[in-house]
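Each chain is listed here by its residues.
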Amino acid sequence: MPNDLAPRELRVLAAVEQERSFSGAAVALGMTQSAVSHSVRSSEAKIGAVLFERGRSGATPTPAGARAAAYARRVLRMLDALAAEARGAAPDPAQDTVAGPLRIAAFRSAALHLLPPALERLAARHPGITPQVRLVRELGAGTAGEVAAGRADLGIATIGTSSPVPPGLVGDVLLEEGYALVHPSGHPAPRSLPLVDWMENCSSYTREWWAEQDWIPAATVQAEDDGAVLSMVSSGFGMAIMPELSLTGAPHTVEITDLGAERPTRSVGYVTTPELAGTVAVRALIRELRALRRRSGGEAAVSDSRKSE
């Protein structure tokens, strides 16, 4: 159709949205600024919507532009997958191979403790796949937002209990992990210590549980991430309530106390797009992540002699 957008036009849209300027996109793509501007105008005419607000500060995507750029990245990724999978197609689909990048967005503790064994097994089975792992804080759209925007092929995400998978994406829960009280080892009254916290720690569901516990004070210290929280607790600065994945490999200077059967939990899973879910690379990583879930019995566990009841 004459109004179809060409791959080059899609690349321009994605670059302008990423760089927030026509000149920046021109540099990134090796084009002239006038060529970028002409391409955007052509795309806007074909789509029938203004995609960017032009101004002295650059090019700000409109809601239509942000949506268009997200789809542009996803379409371009599928074009890459088309070529890669066609080259690796075998008579038996189970023997298909693929080479190229696999873009993964993960929050810190998942990248440190959940992904490495899955990626090790993935490399053994599919040496041509090159994982590209990027740390994304689980705030706002989080890792799922990176997938929806076309910047990641798969995200390791904390999935809310009321909405297991964000709209427009597909995924599944990999593990259900409980929260535990972590405090300096040997402290006689750990619940009397100040609370150390970080912004991406809990869902609204967990915060509601916190509000019902009269022994949990308001946080007096906000740290950047769970690693900083654990370091502060280890130094005797206070106590914290943390999910089990964040406590993997905790130092011996801290003690982990179970909060009982009524403790809050969080679901950790993967999310991807419907179109990428069937690709060889994403399907292979999902298989390895699910294998980890089967080996762990579907739950995270703090297997540590410092854990107390």
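How each quantity is defined
- Counting from 1, residues in each chain are numbered in the order their sequence is written.
- Owing to the predicted nature of the model, reporting of local features is limited to residues with pLDDT of at least 70; listing and counting of side-chain atom pairs is limited to 80 or more, with chain, interface and lining totals taken over all residues.
- Hydrogens and waters are ignored; side-chain quantities use all the structure's heavy atoms.
- Only runs of H or I of at least four residues qualify as helices and only runs of E of at least two qualify as strands under DSSP, and these elements are numbered from the N terminus.
- Multiplying 1.5 Å by the helix residue count minus one yields the expected span of that helix.
- Working definition: with a 1.4 Å probe on protein chains only, accessible area under 20% of the residue-type maximum means buried, over 50% means exposed, and in between means partly exposed.
- Only heavy atoms enter the contact rule, under which two residues are in contact if any of them lie within 4.5 Å.
- A pair of aromatic rings is counted whenever rings of Phe, Tyr or Trp (Trp by its six-membered ring) have centres within 6.5 Å, and the orientation is called stacked for planes under 30 degrees apart, edge-to-face for over 60 and tilted otherwise.
- A ring is considered to have a charge above it if a Lys NZ or an Arg CZ atom is located within 6 Å of its centre and within 35 degrees of its normal.
- When DSSP locates at least two bridges between a pair of strands, those strands are taken to pair.
- Axis definition: a line fitted to C-alpha atoms, limited for helices to the stretch in contact. Angles are taken between N-to-C directions and run from 0 to 180 degrees.
- Here the angle decides the label: under 35 degrees means roughly parallel, over 145 means roughly antiparallel, 65 to 115 means roughly perpendicular, and every other value means oblique.
- Helix crossings are classified by the rotation of the near helix relative to the far one: an anticlockwise turn of less than a right angle makes the crossing left-handed, while a clockwise turn makes it right-handed.
- Throughout, the ten residues Ala, Val, Leu, Ile, Met, Phe, Trp, Tyr, Cys and Pro are labelled nonpolar, Asp, Glu, Lys and Arg are labelled charged, and all others, Gly among them, are labelled polar.
- Residues enter patches when their relative accessible area tops 30% and they take part in no salt bridge; the joining distance is 9 Å for like charges and 5 Å for the nonpolar side chains Val, Leu, Ile, Met, Phe, Trp and Tyr.
- For the accessible areas, the method is Shrake-Rupley and the probe is 1.4 Å, while residue cover comes only from the protein chains on display.
- We count a salt bridge whenever a side-chain nitrogen from Lys or Arg sits within 4 Å of a carboxyl oxygen from Asp or Glu.

Compared with an ideal rise of 1.5 Å per residue, which puts 26 residues at 38 Å, helix α4 (residues 63–88) spans 38 Å between its outermost C-alpha atoms and is within 8% of the ideal. Regarding α4, the residues found buried are Gly65, Ala68, Ala69, Ala70, Ala72, Arg73, Arg74, Leu76, Arg77, Ala81, Ala84 and Gly88. At its buried positions, α4 is contacted by α1 (7–19), α3 (33–47), β2 (58–61), β3 (100–106) and α6 (142–148).

To continue, consider the packing of aromatic side chains. Applying the stated criterion across every chain, the model contains 1 aromatic pair. A cation sits over an aromatic face here: Arg191 above Trp215, 4.0 Å from the ring centre.

So, on to the pairing of strand β5 (residues 154–159). Judged by how many residues are buried, β5 sits mostly within the fold: 5 of 6 residues are covered. Pairing of β5 with strand β11 (residues 265–272), which is carried by 6 bridges, proceeds in the antiparallel orientation. Within the sheet, the bridge partner assigned to Ala157 lies in β11 and is Gly269.

This part takes up unusual backbone geometry. The backbone phi angle of Arg20 is positive, close to 60°, even though this residue is not glycine. Inspection of the secondary structure assignment puts Arg20 in the loop between α1 and α2 (22–29). With relative accessibility at 39%, the residue Arg20 sits in the partly exposed group.

The subject of this paragraph is the packing of α1 against α2. Closest axis-to-axis distance for the α1/α2 pair is 8 Å, and the angle between their directions is 125°. With respect to α2, the axis of α1 lies oblique. As for the relative orientation of α1 and α2, their crossing is right-handed in sense. From α1, Arg11, Val12, Ala15, Val16 and Glu19 reach across to α2, where they touch Phe22, Gly24, Ala25, Ala28 and Leu29. Residues belonging to the contact of α1 with α2 are distributed by class as follows: 7 nonpolar, 1 polar and 2 charged.

A few words now on the environment of Trp209. Relative to the elements of secondary structure, Trp209 occurs in helix α7 (residues 204–211). Taking relative accessible area as the criterion, Trp209 reaches 11% and is therefore assigned buried. Residues Trp209 and Arg263, spaced 54 residues apart in sequence, show a C-alpha to C-alpha distance of 8.1 Å. Those residues in contact with Trp209, other than ones at most four positions away along the chain, are Ile216, Leu259, Glu262, Arg263 and Pro264.

What follows covers a nonpolar patch on the surface. A cluster of nonpolar residues, Val75, Leu79 and Leu82, forms a patch on the protein surface that exposes about 250 Å² of accessible area. Relative to the helices and strands, Val75 resides in helix α4.

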